[in-house]
Amino acid sequence: MLALVALVLITIVGCGSTTPATPSGTAPAPQASSPGAFPVTLPHKYGETTIPAAPKRVVTVGLLEQDSLLALGIVPVGTTEWFGGYPGAIGPWAEAKLGGAARPQVLKDTGSGPQFEKIAALNPDLILALYSGLTKEQYETLSKIAPTVAQPKEYIDYGIPWQEVTKRVGAAVGKPAEAETLVKQVEDRFAEERGKHPEFAGQTGLMATLYEGYFVFGSQDPRNRLLGSLGFQLPANLDQAIGDKFGANISRERLDLLDTGAIVWSVTDVAKGQETLHGDTVYKALDVVKQGREVYLPEGTPPSDAVAFLTVLSVPYVLDTLVPRLAAAVDGDPATKTS
């Protein structure tokens, strides 16, 4: 499953090659946990986990929890690399929060599961696997090393929203109030963007990629939740067509799902991706194409990585880069450039 996630989830997002600006200064000194925060018990897919005291050595087996930790002033001792090859598995949008601290040791998961021996060698007192697809057996093995918080049962694997990641990480490290504040700050930014772009409300929107054909993301995928937070609605019957997954391939007979107010295509090469899509006579005949409502986003740049890596730290940068392109797509003028 992780191999598919690694291939597909990274394929969405930003356009352009501009690297996010890194604020000057160092990361704030870690603050003490809230009084009375421990012990804390957190539920998850495989039961519940009690964290007896404030953790000092955190390892992230989930693919993006490091951003929430950094936002809360905590540098993990180990991270699991997803994509991008960033030192310490810390993206440019989160670099300022690292300050002068030592980078985490990077672990790998190529599809065979966590590197248990390397995780144990880091001597963690907390393992976070919220944005993950841990099996019960893997969870039980990790729990023998340190208290482990697995993915939540109320969401599909790799489907937990960034808000919930932030809040659950905050609870796990004894900073629930600080986490709530961080979430509110980003949600206020969404409200600001909706106010600037009332034209998004009522429009349909969708994110998709050319992975083994037409691969469409579903309602439980963070990318489409991003569009929803901006006011867009997903196509009717989307989940019925792709099933209970973060995304799936659809047939040419269901290309009507792509005829939206705006569609965001993740492609390895914009020109070649557009050539492939417009070479399909069924797709090319859709209004979304004829009216210029496509947004093409090249992979392999910090802006695109940030959309795949949706966190409390990356979302503001995503809004800076993606919202202007969405506005161009729905402005009613097919001649407006969306890239």
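Owing to the predicted nature of the structure, the values given are computational and were not obtained by experimental measurement. (Residues numbered from 1 in each chain as written. Predicted model: local features only at pLDDT ≥ 70, side-chain atom pairs only at ≥ 80, totals over all residues. Heavy atoms only, no water.)

**With respect to helix α14 (residues 315-329)**
Then, number 1: When the terminal C-alpha atoms of α14 are compared, their 20 Å separation across 15 residues agrees well with the 21 Å that a helix rising 1.5 Å per residue should span.
Then, number 2: A bend of about 35° at L322 is the largest found in α14, and the proline P324 appears one to four places after it.
Then, number 3: Counting buried positions over the 15 residues of α14 gives 12, a clear majority of the element.
Then, number 4: Residues of α14 that are buried: V315, Y317, V318, L319, T321, L322, V323, R325, L326, A327, A328 and A329. (Helix = DSSP H or I, 4+ residues; strand = E, 2+ residues; numbered from the N terminus. Expected span 1.5 Å × (residues − 1). Bend = angle between axes of the 7 residues up to and from the residue. Buried < 20%, exposed > 50% of the residue type's maximum accessible area, 1.4 Å probe, protein only.)

**Here we look at the pairing of strand β2 (residues 47-51)**
Then, number 1: As paired strands, strand β1 (residues 40-44) and β2 are joined by 5 bridges and run antiparallel to one another. Within the sheet, the bridge partner assigned to P43 lies in β2 and is E48.
Then, number 2: Here β1 folds back onto β2 in antiparallel fashion, the turn holding 2 residues. (Pairing = 2+ DSSP bridges.)

**Topic: the sheet that holds strand β8 (residues 205-209)**
Then, number 1: Strand order in the open sheet made by the 5 strands is β10-β9-β8-β11-β12, with mixed pairing throughout. For this open sheet the edge positions go to β10 (247-250) and β12 (294-298), each flanked by a neighbour on one side alone. Sheet twist, expressed as the mean angle between neighbouring strand axes with direction ignored, is 30°.
Then, number 2: The sheet strands contacting helix α10 (residues 270-278) are β9 (214-217), β11 (262-267) and β12, and the helix crosses β12 at an angle near 140°.
Then, number 3: Contacting β8, β11 and β12, α14 crosses the sheet at an angle of about 150° to β12. (Axes fitted to C-alpha atoms, helices over the stretch in contact; angles between N-to-C directions. Contact = heavy atoms within 4.5 Å.)

**Side note on helix α5 (residues 136-143)**
Then, number 1: Among all positions of α5, only Q138, Y139 and L142 are buried. The buried residues of α5 occupy an angular sector of 100° when the element is viewed end-on, so they sit on one face. In α5, the exposed residues that point more than 90 degrees away from the buried face are K136 and E137.
Then, number 2: Check the buried side of α5 and you find it contacts β1, β2, α4 (116-121), β6 (126-128) and β7 (148-149). (Arc of directions from axis to C-beta.)

These figures capture arrangement, not role.
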